[in-house]
Structure formats: structure tokens, C-alpha cells
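Listed below, chain by chain, are the residues.
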Amino acid sequence: RWYFLSMLMILWLILPFFVGFERRRPEARDIVLLATLTALTVAARVAFYLLPHVKPVLAMIIIFSLAVGARYGFLLGALVALLSNFLFGQGPWTLWQMFAWGLIGFLSGWLTRRLPGLKRRLPLAVFGFLCVIFIHGGITDPAGLMLYQPEFTRPGLLAAYALGFPLTVLQGAATAVFLYFFAPPLTR
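Residues numbered from 1 in each chain as written. Predicted model: local features only at pLDDT ≥ 70, side-chain atom pairs only at ≥ 80, totals over all residues. Heavy atoms only, no water.

Draft legend 1. Structural context of the overall build of the protein chain. A count of helical and extended segments in the protein chain gives 7 helices and 0 strands. Across its three principal directions, the C-alpha atoms of the protein chain cover 45 × 35 × 35 Å. When each of the 188 residues of the protein chain is scored for burial, the buried share is 45%. A separation threshold of at least 6 residues defines the contact pool for the protein chain, and within that pool the share at least 24 residues apart is 74%. For the protein chain, the exposed area adds up to about 10,300 Å²; of that, 72% sits on carbon and sulfur atoms. Distance from the positive charge centre (15 side chains) to the negative charge centre (5 side chains) of the protein chain: 9 Å. (Helix = DSSP H or I, 4+ residues; strand = E, 2+ residues; numbered from the N terminus. Buried < 20%, exposed > 50% of the residue type's maximum accessible area, 1.4 Å probe, protein only. Contact = heavy atoms within 4.5 Å. Areas by Shrake-Rupley, 256 points an atom, 1.4 Å probe, with all protein chains shown as cover. Lys, Arg positive; Asp, Glu negative; His and termini not counted. Charge placed at Lys NZ, Arg CZ, Asp CG, Glu CD.)

Here it is as C-alpha cells:
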């Protein structure tokens, strides 16, 4: 029951971005740009498939969101999660990934417009690390709990965070490294 209701809530949070995109009647160049950036990011996830949790995906979502802005950043993150899971396995966790990655894209596009200093290497790497720890880990770890446990309890939530934390830190560190080294050339 918890999982079903949470999936409905996540779907309700994601839909306005897609409906808003369609209502704006995007030009062909906007669609092509979004499709190209999504395809590049999905390809990067596939290229690093042998290294679980060490993928440039979230770094690329952050970098591309700097260029395209908050709205497109959300769409980019959500589409990358959806489309790459066709190769890595779709499931009820996909909506959670779509929301987490979309939120990271949105915040990246939104914050960098307001804090121009965030575009420098070190602040961007720290930002990416914190996004992975608090947003990605904070959203996707409870998804596993709701998927596999009949009840949503506080000890279960703490256990889910504790079990996922080492992998989240690894993914955050990888994202920070990718951002530090590849943000300047990719933003150009």
C-alpha cells in the first residue's frame, strides 16, 4: 500500500514537467538537443556498465543541466533514467530514479543560474557529491524498502539508508571526480 501510494505521488510530481514541455510547443531544435543529450548520457551509462555505481550519468545530467536550464534538466534526468533502464532493467524503482535524477537536473539548472560560482570545478564537484548523497540516496534508498517490505517503519528506513550509504558514497565520489575533470570541456 505504501509503495503504491508513493508511486502515485512520484508520478504526480513528474507529470507536470512533461505536460509543461508539451504545452510549450517546443521547437525541433529543442527536441533534438534534449534527445541528443539524453542519448549521450544513456550511452555513458552503458559504457560503464561493468563498474556498478561508478558511472558518469549523474555528472553528465548536472553538466548538461548547466547548459539547458532547470526545466530541461529535469526532463533530461527523468528521460535518462527511463530510457537507460530499458537496458538495465525496468521495474517499480524506475519512477523513483526518474524523480531523483530529474530533481538533480532541475536543481543543477536552477542553482547555477542563481550561484554562478557553482560552475567552477571544485564547487561543482562538491555539489554533485552532495546531490548524490542527499537527493539520489535520499529518494532511491527508501524505494527499495517500500518495494520489499510490507510495512514502512523507522527502523526499516534507517536500515535502508545504512545499507545503501556505502554505495551512495561511492557513486557520489565517482560523480564528483567526473564533474571535476569533465565539466569544463563538456560545458564548452
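Let's pick the thread back up.
Draft legend 2. Molecular detail of the packing of aromatic side chains. With the rule as written, the count across this model stands at 6 aromatic pairs. Considering the side-chain rings of Phe-17 and Phe-106, the 5.7 Å spacing of their centres and the 70° angle between planes classify their relative orientation as edge-to-face. Note that Phe-17 is positioned in helix 1 (residues 2-23) and Phe-106 in helix 5 (residues 93-114), a separation of 89 residues in sequence. For Phe-17, a relative accessible area of 23% corresponds to the partly exposed category. Through successive ring pairs, a cluster of aromatic residues spans Phe-17, Phe-74 and Phe-106. Here Arg-45 stacks its cationic end above the ring of Phe-88, 4.4 Å away from the centre of that ring. The positively charged end of Arg-121 is found above the aromatic ring belonging to Tyr-180, 5.3 Å away from the centroid. (Phe/Tyr/Trp six-rings, centres within 6.5 Å; stacked < 30°, edge-to-face > 60°. Lys NZ or Arg CZ within 6 Å of the ring centre and 35° of its normal.)

Draft legend 3. Structural context of a nonpolar patch on the surface. Together, Leu-122, Val-126, Leu-130, Phe-134, Val-177, Tyr-180, Phe-181, Phe-182 and Leu-186 line one region of the surface with nonpolar side chains, adding up to about 880 Å² of accessible area. Secondary-structure elements contributing two or more residues to the nonpolar patch are helix 6 (121-148) and helix 7 (154-187). With respect to the helices and strands, Leu-130 occurs in helix 6. Judged by relative accessible area, Leu-130 falls into the partly exposed class, the value being 39%. (Patch = residues over 30% accessible without salt bridge, like charges linked within 9 Å, V, L, I, M, F, W, Y side chains within 5 Å. Salt bridge = Lys/Arg side-chain N within 4 Å of Asp/Glu carboxyl O.)

Draft legend 4. Broad picture of helix 2 (residues 28-47). The end-to-end C-alpha separation of helix 2 is 28 Å, in line with the 28 Å expected for 20 residues at 1.5 Å each. Along helix 2, the residues classified as buried are Leu-34, Leu-37, Thr-38, Thr-41, Val-42, Ala-44 and Arg-45. The buried residues of helix 2 occupy an angular sector of 155° when the element is viewed end-on, so they sit on one face. Every exposed residue of helix 2 that faces more than 90 degrees away from the buried side is listed here: Ala-28, Arg-29, Val-32 and Ala-47. (Expected span 1.5 Å × (residues − 1). Arc of directions from axis to C-beta.)

Draft legend 5. Spatial organisation of the environment of Arg-114. The topology assignment puts Arg-114 in helix 5. Along the backbone, Arg-114 and Phe-17 are 97 residues apart, and their C-alpha atoms lie at a distance of 21 Å. In this structure the side chain of Arg-114 is engaged in a polar contact, spanning 3.2 Å, whose partner is the backbone oxygen of Trp-110. (Polar contact = N/O pair within 3.5 Å; in protein donor to acceptor, adjacent residues only side chain to side chain.)

Draft legend 6. Focus on the pattern of salt bridges. For the structure shown, the criterion picks out 1 salt bridge. As a salt-bridge pair, Glu-27 and Arg-29 come within 3.1 Å of each other at their nearest N and O atoms. Residue Glu-27 is classed as partly exposed on the basis of its relative accessible area of 45%.

Draft legend 7. Region of the structure containing the nonpolar core. Counting residues in each nonpolar core, the largest one holds 45 residues, and the members touching the most others are Ile-14, Leu-34, Val-80, Trp-101 and Leu-124. At the level of secondary structure, the elements contributing two or more residues to this core comprise helix 1, helix 2, helix 3 (57-68), helix 4 (70-88), helix 5, helix 6 and helix 7. Per-element tally for this core: the top contributor is helix 3, with 10 residues. Discounting chain neighbours no more than four positions away, the residues touching Val-80 are Thr-38, Thr-41, Val-42, Val-57, Ile-61, Asn-85 and Trp-101. (Core = buried A, V, L, I, M, F, W, Y, C linked by side-chain atoms within 4.5 Å.)

Draft legend 8. Up close: the environment of Val-80. Here Val-80 shows up in helix 4. A residue is classified by how much of its surface remains accessible, and Val-80, at 0% relative accessible area, is buried. Sequence separation of Val-80 and Leu-37 is 43 residues, and the distance between their C-alpha atoms is 9.1 Å.

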